[in-house]
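Coordinate analysis (summary)
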Amino acid sequence: MTEIERADTGTKPDPLALAEALAEGSLDALSECYRLWGPLVLGIATRALGSRTDAEDVTQQVFVAAWKSRGTLRPSESALPAWLIGIARHRVADEYARRARATRVSQAVAANTVPGSDVEGRDTVDRVVDRVMLREAVEQLPEPRRTVLHLAYVEDRTQEDIAKQLDLPLGTVKSHMRRGLLRLRQDLRDGWEGGDR
Amino acid sequence: MTHVSDDVLAAIALGDLDVDPADRDHVDSCPMCSEELAELVQVHGLLREEVGMRGAHRVEPGPELWERIAAEARDDEAAEPVQPVQPVQPAETVQPAETVQPVQPVEPVEPGEEVPSIAARRAAKASRPSGRSWWLVAAAAACLLVGVLVGRAVWAPSETTLPVVASVPLTTLDASKQQEGTAQLLGGQGGQGQELKVATQPMSPGSGYVEVWLINQDGKRMVSLGILSSDQATFPVPPDAISQGYTIVDLSNEQFDDRPQHSGDSIMRGTLPV
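Residues numbered from 1 in each chain as written. Chains lettered and ligands numbered in written order. Predicted model: local features only at pLDDT ≥ 70, side-chain atom pairs only at ≥ 80, totals over all residues. Heavy atoms only, no water.

Considering the overall build of chain B
For the record, the criterion: Each helix is a run of DSSP H or I of at least 4 residues and each strand a run of E of at least 2, with the numbering of both proceeding from the N terminus. Burial classes: relative accessible area under 20% of the type maximum marks a residue as buried, over 50% as exposed, and values in between as partly exposed (1.4 Å probe, protein chains only). Residue contacts are defined here by distance: any two heavy atoms, one from each residue, within 4.5 Å place the two residues in contact. Note on areas: Shrake-Rupley with a 1.4 Å probe; residue coverage comes only from the protein chains shown.
For chain B, the count of helices and strands is six helices and eight strands. Listing every helix and strand of chain B by position from the N terminus yields α-α-α-α-α-α-β-β-β-β-β-β-β-β. Taken across its 274 residues, chain B has 45% of its residues classed as buried. At a minimum sequence separation of 6, the contacts of chain B that also span at least 24 residues come to 59%. With the model as given, the accessible surface of chain B reaches about 13,800 Å², and the carbon-plus-sulfur share is 55%.

Re the packing of helix 2 (residues 21-29) of chain B against helix 3 (residues 31-48) of chain B
All names here are of chain B. Let me state the cut-off plainly: Interaxial angle, 0 to 180 degrees, is taken between N-to-C directions of lines fitted to C-alpha atoms, where a helix line uses only the stretch in contact. Geometric relationships in this document are graded by angle, where less than 35 degrees denotes roughly parallel, more than 145 denotes roughly antiparallel, 65 to 115 denotes roughly perpendicular, and other angles denote oblique. Polarity classes work like this: nonpolar for Ala, Val, Leu, Ile, Met, Phe, Trp, Tyr, Cys and Pro, charged for Asp, Glu, Lys and Arg, and polar for all others, with Gly in that last group.
Between helix 2 and helix 3, whose axes approach to 5 Å, the crossing angle comes to 100 degrees. By the criterion of interaxial angle, the relationship of helix 2 to helix 3 is roughly perpendicular. On helix 3, the residues that touch His 26, Val 27, Asp 28 and Ser 29 of helix 2 are Pro 31, Cys 33, Ser 34 and Leu 37. Of the residues assigned to the contact of helix 2 with helix 3, the class counts are four nonpolar, three polar and one charged.

What about the packing of aromatic side chains?
Put simply, the rule is: We call Phe, Tyr and Trp rings a pair once their centres come within 6.5 Å, taking the six-membered ring for Trp, and we label the pair stacked below 30 degrees between planes, edge-to-face above 60, and tilted otherwise.
A complete count under the given rule lists three aromatic pairs over all chains for this structure. Between Tyr 34 of chain A and Trp 66 of chain B, the ring centres sit 5.2 Å apart and the planes meet at 35 degrees, which makes this aromatic pair tilted. Of this pair, Tyr 34 of chain A sits in helix 2 (residues 27-49) while Trp 66 of chain B is found in helix 4 (residues 63-79), placing the two residues in two different chains. The residues Tyr 34 of chain A and Trp 66 of chain B share a single accessibility class, namely buried. Ring plane angle 50 degrees and centroid distance 5.0 Å describe the contact between Tyr 209 of chain B and Phe 256 of chain B, whose orientation is recorded as tilted. Of this pair, Tyr 209 of chain B sits in strand 4 (residues 209-216) while Phe 256 of chain B sits in the loop between strand 7 (246-254) and strand 8 (266-271), and the two are 47 residues apart along the sequence. What makes Tyr 209 of chain B partly exposed here is its relative accessible area of 21%. Counting every residue linked through ring pairs, the aromatic cluster contains Tyr 34 and Phe 63 of chain A together with Trp 66 of chain B.

A look at unusual backbone geometry
Here the amide bond leading from Glu 143 of chain A into Pro 144 of chain A is cis, since omega sits at 5 degrees, within 30 degrees of zero. Tracing the backbone shows Pro 144 of chain A in the loop between helix 6 (119-140) and helix 7 (145-154). The phi dihedral of Asp 167 of chain A is positive, around 55 degrees, even though this residue is not glycine. Topologically, Asp 167 of chain A is positioned in the loop between helix 8 (159-166) and helix 9 (170-193). Backbone geometry at Asp 240 of chain B places phi at a positive 65 degrees, although glycine is not the residue there.

A word on the nonpolar core
Which entries qualify depends on this criterion: Here, the term nonpolar core denotes a set of buried Ala, Val, Leu, Ile, Met, Phe, Trp, Tyr and Cys residues that are joined through side-chain atoms within 4.5 Å.
Ranked by size, the top nonpolar core spans 81 residues in total, and within it Leu 22, Leu 30, Phe 63, Leu 80 and Leu 184 of chain A carry the most contacts. For Leu 184 of chain A, the residues in contact, after removing those within four places along its chain, are Leu 134, Ala 137, Val 138, Leu 141 and Leu 149 of chain A together with Val 43 and Leu 47 of chain B. Core analysis: the next-biggest nonpolar cluster, separate from the first, contains 23 residues, Val 210, Leu 228, Leu 251 and Ile 267 of chain B among them.

What about the pattern of salt bridges?
The criterion, for reference: Salt bridges are identified by distance alone: a Lys or Arg side-chain nitrogen within 4 Å of an Asp or Glu carboxyl oxygen.
Applying the stated criterion to the full structure yields 26 salt bridges over all chains. Taking the shortest distance from any N to any O, the salt bridge between Asp 126 of chain A and Arg 89 of chain A comes out at 2.8 Å. Residue Asp 126 of chain A is located in helix 6, and its partner Arg 89 of chain A is located in helix 4 (residues 79-103); the two are separated by 37 residues in the primary sequence. Overall, the relative accessible area of 21% leaves Asp 126 of chain A in the partly exposed class. Here Arg 185 of chain A and Glu 36 of chain B are joined by a salt bridge, their closest N and O atoms 3.3 Å apart.

With respect to the confidence of the model for chain A
All names here are of chain A. Operational definition: Note on scores: pLDDT gives the predictor's confidence for each residue, bounded by 0 and 100.
Per-residue confidence for chain A gives a mean pLDDT of 80, with 78% of residues at or over 70. Considering each helix and strand of chain A separately, the mean pLDDT is smallest for helix 5 (residues 105-108), with a value of 49, and largest for helix 8, with 94. Confidence over residues 106-120 falls short of pLDDT 50; this stretch has 22 contacts with residues more than four positions distant or in other chains. Predicted confidence is poor over residues 192-197, with pLDDT under 50, and the contacts of this stretch with residues over four places away or in other chains come to 23 contacts.

Looking at the side chain of Thr 200 of chain B
By the element assignment, Thr 200 of chain B lies in strand 3 (residues 195-200). Thr 200 of chain B sits in the buried class, given a relative accessible area of 8%.

Regarding the packing of helix 2 of chain A against helix 3 (residues 52-68) of chain A
Residue and element names in this part refer to chain A. Formally: Crossing handedness is defined as follows: a turn of the near helix away from the far one that is anticlockwise and smaller than a right angle gives a left-handed crossing, while the clockwise case is right-handed.
At a closest axis distance of 8 Å, the pairing of helix 2 and helix 3 adopts a crossing angle of 145 degrees. Our pair here, helix 2 against helix 3, has a crossing hand that is right-handed. Between helix 2 and helix 3, the residues in contact are Leu 27, Leu 30, Cys 33, Tyr 34, Trp 37, Gly 38, Val 41, Leu 42, Ala 45, Thr 46 and Leu 49 and Arg 52, Asp 54, Ala 55, Glu 56, Val 58, Thr 59, Val 62, Phe 63 and Trp 67, respectively. Looking at the contact of helix 2 with helix 3 residue by residue, the class counts come to 14 nonpolar, three polar and three charged.

Digging into the pairing of strand 6 (residues 232-236) of chain B
Residue and element names in this part refer to chain B. Condition: At least two DSSP bridges between two strands are required for those strands to pair.
Only one face of strand 6 is buried, namely the one carrying Ala 233 and Phe 235, since none of Gln 232, Thr 234 and Pro 236 on the opposite face is buried. Relative to strand 6, strand 3 runs antiparallel, the two sharing five bridges. In the strand pairing of strand 6, Leu 196 is matched with Phe 235.

Remarks on the pairing of strand 2 (residues 179-186) of chain B
Residues and elements named next belong to chain B. Most of strand 2 sits inside the fold, with seven of its eight residues counted as buried. Sheet topology note: the strand 1 (residues 164-171)/strand 2 ladder contains seven bridges and is antiparallel. Directly across from Val 164, in strand 2, lies its bridge partner Leu 186. Judged from the six bridges that link them, strand 2 and strand 3 form a sheet pairing that is antiparallel. Considered in strand 3, the bridge of Leu 186 is made with Glu 195.

If you want it as structure tokens, here you go:
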């Protein structure tokens, strides 16, 4: 079993070592993944499904599925979160499909037709995941950019307001907004494509 | 005129009024810049929906959730000691590489090649252009593994050795189109005696089971081939089914209920190129 190396802080393991340890079948590594990204997966599921119970069930499915298919994980610096989020996307979509079926079960009794794809469900899943990933990406920005974007988007504050509160020139706030937006666009692209950061 | 900078595009997306009108004009008339701008506007719009969603994107799970996951993972471990990243040594009984069907590897991989070790993968990654999607590589590795497994099964002495007529990746139905399995049509003469070999990643059908279907191109008719009780199985195909248009391979989650027809809960699907 591979020792999971931890960085100096004692809280963040080396992502590559963690991915390798998981791929090699370390349950400790799965536990560490859960500690790092479990709240994110549960956040996505909770937002998407509303019900805490369903969200926890989906989160359980995600990490169990991750464990079972760990052999398909190609360890890299950025693979783990993208991989887990990808699994979460599927499981949430499955749950949407299950709910959709439950509501139309009466119409479907006699019809043995090709099951339709749940386009609306898919859109919703993607949107929820994108938004949660963007929020996560905002939190990962260096200060003061993180605070600038948080105030602008989550707190709905004007740029003038933010400049005053943070005692920054307005031009600097605008620059943080532009660069932050470009960074987030890139993060979202990476999230979609699973590319390297 | 040259394309406008990312910085200017971001300023436009953010509604900045100081942008040079010439830049705006260019973006309006330039498909490439318009597309970039649309993407930034989309990100901006998604973030605008976050107004008031303070700290809600992460939710702390209770302590018992991990216990549930760990218990299930340990059960799985006990049931099946998987060593997926170990190189799969080609068994001596495996026939020459050209007879083993590699299932559409995403990257050119020699069928006889071992599944690369992690160290080899890291070395390979270092030499690859950045930005390559990791999952493509993972998929390639998975395909290779499946290819080797299928190859082994094909050449196991107790199995038939029908030629592969067509093979197709089975992908999920959502937008990600993630490959989770493969199907191979093994040929008989003139549509008689054909078989369908299905191999998937490990699945947990929950309280139900997984059923394999051939759906007709007309989108109405379908035949059930049987139950998939492990990661791979081979099913006889009804004579002439393929020529009649039953070419869509579909795996569904089924429950033990009073509805023998397709549940509508498709897990993955692929259309045989025949």
